[in-house]
Amino acid sequence: MHHAFVFKRILSAALLAAPLLASAAGGQWDSTLPSGTATLAEWNIINSYPADSTPDVAGAGTLTETTGTAFLTSGGNIYSFSAPTAFTVNTAALGAGSWDVYLRIGGLGTSVKDLASLNGVDATRTLVFTENLGGTFGGAEEESLWKWTVTGGSALNFAFGATGSSLSLDQVGVYAVATATTAVPEPGTWALMAAGLGMVGFVSRRRQRLNAA
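Below, the structure is looked at part by part.

About the criteria used
Residues numbered from 1 in each chain as written. Predicted model: local features only at pLDDT ≥ 70, side-chain atom pairs only at ≥ 80, totals over all residues. Heavy atoms only, no water. Helix = DSSP H or I, 4+ residues; strand = E, 2+ residues; numbered from the N terminus. Buried < 20%, exposed > 50% of the residue type's maximum accessible area, 1.4 Å probe, protein only. Areas by Shrake-Rupley, 256 points an atom, 1.4 Å probe, with all protein chains shown as cover. Core = buried A, V, L, I, M, F, W, Y, C linked by side-chain atoms within 4.5 Å. Contact = heavy atoms within 4.5 Å. Phe/Tyr/Trp six-rings, centres within 6.5 Å; stacked < 30°, edge-to-face > 60°. Pairing = 2+ DSSP bridges.

The next thing to look at is the overall build of the protein. On a plain count of helices and strands, the protein comes out with two helices and 14 strands. A total of 213 residues make up the protein; the buried ones form 37% of that total. When the accessible surface of the protein is totalled, it reaches about 11300 Å², and 59% of it is carbon and sulfur.

Below is the structure:
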């Protein structure tokens, strides 16, 4: 009896989510990224639950739902009608240097939390797209973006979650761009610069003596 009740609730939730997914054109981003960003991993259709280690775009990474209270919809979303979902995303390390790293989330229905973390450091989301869904399900289609500036060399471990039940997670992407830095001259370069300045000073003084004569 209990199993039949649970099945009916899951079926009802799936039926409610179906028009949502159709109206929102799932798997397509409506927002744009900052110029120059490269995709590290992007899931446009989620293929397995609780973990999907096959991003649709770019290299290796794993997207995991960590509460175990959700299920995979026929449209390739992760959805839960019973509890707030929580997620981690893990990707490979970046190269040496300084990087701006972005996490982008597309969801339907309930919003994601404002704070997400990268390697334990929190950042606050920017809402980059929203559209009211209307209908019985309610809520909105939202795309959110978080940014961190990090030093390369460590794997990237993100964590984010829903503010309540009924988030339908549609898309997830991780992106990075190397930050511009001012090069520090090598010691040999400093020596050449000093020699050049000394020569300029010598020529200037010589011209002054000649003019005085």
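Picking up after the structure, the text goes on.
For the rest of this paragraph, the subject is the nonpolar core. Membership of the largest hydrophobic core comes to 29 residues, with the highest contact counts inside it found for Val-101, Leu-103, Trp-148, Phe-158, Phe-160, Leu-169 and Val-172. Put simply, the parts of the chain that give this core at least two residues each are strand E1 (38-43), strand E7 (86-91), strand E8 (98-109), strand E9 (115-118), strand E12 (140-151), strand E13 (156-161) and strand E14 (167-178). For this core, the element with the most residues is E14, which contributes five residues. When near neighbours in sequence (up to four residues on either side) are disregarded, Val-172 contacts Trp-29, Ala-41, Glu-42, Trp-43, Leu-63, Val-89, Leu-103, Arg-104, Ile-105 and Phe-160. Ranked by size, the runner-up nonpolar core spans five residues in total, among them Trp-29, Tyr-102, Tyr-175 and Val-177.

On to the packing of aromatic side chains. Aromatic ring pairs are defined here through the distance separating the ring centres and the angle between the ring planes. Applying the stated criterion to the full structure yields three aromatic pairs. Each ring, one from Trp-148 and one from Phe-158, has its centre 5.5 Å from the other, and the planes form 65°; the classification is edge-to-face. Note that Trp-148 is positioned in strand E12 and Phe-158 in strand E13, a separation of ten residues in sequence. Of the two residues, Trp-148 and Phe-158, both sit in the buried class.

This part is about the pairing of E12. Within E12, nine of the twelve residues are buried, which leaves the element mostly enclosed by the surrounding structure. Two elements, E8 and E12, share twelve bridges in a ladder whose sense is antiparallel. Bridge pairing links Val-101 to Trp-148 in E12. The sheet contact formed by strand E11 (residues 126-132) and E12 spans six bridges and is antiparallel. Pairing of Asn-132 across the sheet is with Ala-140, part of E12.

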